[in-house]
Amino acid sequence: MSTVHAYAATSATEPLTETTITRREVGPNDVRFDIHFAGICHSDIHTVRAEWGKPRYPVVPGHEIAGVVTEIGSQVTGFKVGQHVGVGCFVDSCRECDNCRVGLEQYCTGGGMTGTYNAVGRDGLPTQGGYSGSIVVDENYVLHIPEALPLDAAAPLLCAGVTTYSPLRHWNVGPGTRLGVIGLGGLGHMAVKLGAAMGAEVTVLSQSLKKMEDGLRLGATNYYATSDRDTFKSLRNSFDIILNTVSANLELGRYLEMVDLDGVFVELGAPENPLVVPPFSIIGMRRSIAGSVIGGIPETQEMLDFCAEHSIASEIEVIAPEYINEAYERVIASDVRYRFVIDTESLREA
Ligand code: NAP
Ligand code: ZN
Ligand code: ZN
């Protein structure tokens, strides 16, 4: 076991504080790496604030992890010391169910994926995430971060990147697709960049026009404020696909009616309360509502390689660990452009 500094939440209401945690010894199939950067995903906040049920405190969040390999197990074949690597939202799965076998580990039916934090690993110990100095993960759940990408701006690709890439690919978004993106936050800004790189015509639906200049720079063609009621009138039946990345509950009916005949509304956000769907908002145009969760290991690697090829990474604000609690407040207030990334250097020495 080795000891490493980390930031943990001990309850839903108290701020995260510095602590130490242990990491297992490197087993034959494990990779140990120094964590250099960890993104702050809104899911970290939902989890530690018990918005999805009570987590296993203490929780060290962080599932957008980027770093450099420091040690490999005797049977590791895919990684070398010194390589840039990442870990996303899960660190294990059953490996035997139909979904795991085809690289859709996020849909594991053999007990479900093992979350990078707030879960229990094969060893019976709680998993702890990326707001820490180092981590030990089975090589099958570690990604290669291409050298062409800066490590700090690549970290958010491990969740925000793949969560938006996967549905864009699944619903064949490409040239000619009219794509709407609700919410220009961590996921939303990646959806804009990736959708534009795939050739779609991207429209941002944000609460206000405050971030319009950014949205257009990131690749959107159109930008509308949802605080303006006319937006919903003028965009009725306008999209082939909408990705909803909002972390709060919306008045869904109005948004659903922006989807065109046979189009799909993909829910990516995971707000605390159930979604309320007025029946006529989907009956009317034979619309579908779907959901999607992150992406599997092969698709996450494909996304990282796609980003390197297209020079895409996240727009980030790098912060020190001491700033995490303030950053949480700013994420909740939609005051982030567009991902906070923790520089974990001060957590590396224990
Ligand atoms: P984020 O950075 O906070 O972005 C959410 C955006 O939603 C905000 O920037 C804001 O955009 C908009 N928004 C926030 N509150 C709103 C409100 N009350 N009404 C209307 N719009 C609002 O969060 P994130 O990290 O991108 O995560 C977004 C959601 O996706 C979270 O619920 C998270 O748990 C979930 N998530 C799901 C998956 C998955 O696999 N499905 C993966 C990761 C995260 P504007 O300022 O532009 O309006
Ligand atoms: Zn996430
Ligand atoms: Zn499985």
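Calculation criteria
Residues numbered from 1 in each chain as written. Chains lettered and ligands numbered in written order. Predicted model: local features only at pLDDT ≥ 70, side-chain atom pairs only at ≥ 80, totals over all residues. Heavy atoms only, no water. Axes fitted to C-alpha atoms, helices over the stretch in contact; angles between N-to-C directions. Helix = DSSP H or I, 4+ residues; strand = E, 2+ residues; numbered from the N terminus. Parallel < 35°, antiparallel > 145°, perpendicular 65-115°, else oblique. Contact = heavy atoms within 4.5 Å. Donors = N, O, S within 2.8 Å, 3.2 Å for Na, K, Ca; no water. Buried < 20%, exposed > 50% of the residue type's maximum accessible area, 1.4 Å probe, protein only. Near = heavy atom within 4 Å. Areas by Shrake-Rupley, 256 points an atom, 1.4 Å probe, with all protein chains shown as cover. Nonpolar A, V, L, I, M, F, W, Y, C, P; charged D, E, K, R; others polar. Left-handed = near helix turned anticlockwise from the far one by under 90°. Tetrahedral: all angles 85-135°; square planar, octahedral: opposite > 155°, others 65-115°.

Across the interface, helix H4 (residues 160-170) lies against helix H10 (residues 297-309) with an axial gap of 10 Å and an inter-helix angle of 100 degrees. Taken together, the axes of H4 and H10 lie roughly perpendicular to each other. Counting all contacts with H4, which are made through Gly161, Val162, Tyr165, Ser166 and Arg169, the residues of H10 involved are Glu299, Thr300, Glu302, Met303 and Phe306.

Below, the discussion takes up the coordination of the zinc ion (ligand 2). Protein-derived ligands of the zinc ion (ligand 2) are Cys41 (SG), His63 (NE2) and Cys159 (SG), with the metal-ligand distances lying across 2.0 to 2.3 Å. By relative accessible area, Cys41 is classed as buried at 3%.

In the vicinity of ligand 1 lie 29 residues, with His42, Leu184, Ser206, Lys211 and Arg339 positioned nearest. Relative to its unbound accessible area of 920 Å², ligand 1 is 90% covered by the protein chains. Listing elements by their share of the shell around ligand 1, those giving two or more residues are helix H1 (42-48) and helix H5 (186-197). Ranked by the residues each element gives to the shell around ligand 1, the list is headed by H1, at 3 residues. Tallied by class, residues from the shell around ligand 1 come to 13 nonpolar, 14 polar and 2 charged.

Packing of H4 against H5 brings their axes to within 8 Å, and their N-to-C directions diverge by 50 degrees. It follows from the interaxial angle that H4 and H5 lie oblique. Here H4 and H5 pass one another in a crossing that is right-handed. Residues Ala160, Gly161, Thr163, Thr164, Tyr165 and Leu168 of H4 lie in contact with H5, whose contacting residues are Gly186, Leu187, Met190, Ala191, Leu194 and Gly195. Classifying every residue of the contact of H4 with H5 gives 7 nonpolar, 5 polar and no charged.

Another point: the coordination of the zinc ion (ligand 3). When four donors bind a metal tetrahedrally, each ideal donor-metal-donor angle is 109.5 degrees, and when six bind octahedrally, the ideal angles are 90 or 180 degrees. The zinc ion (ligand 3) binds to the protein through Cys94 (SG), Cys97 (SG), Cys100 (SG) and Cys108 (SG); the donor distances cover 2.3 to 2.4 Å. Coordination at the zinc ion (ligand 3) is tetrahedral, judged from the 4 donor atoms that bind it and the angles of 104 to 118 degrees they form at the metal. Here Cys97 falls in the buried class, since its relative accessible area comes to 9%.

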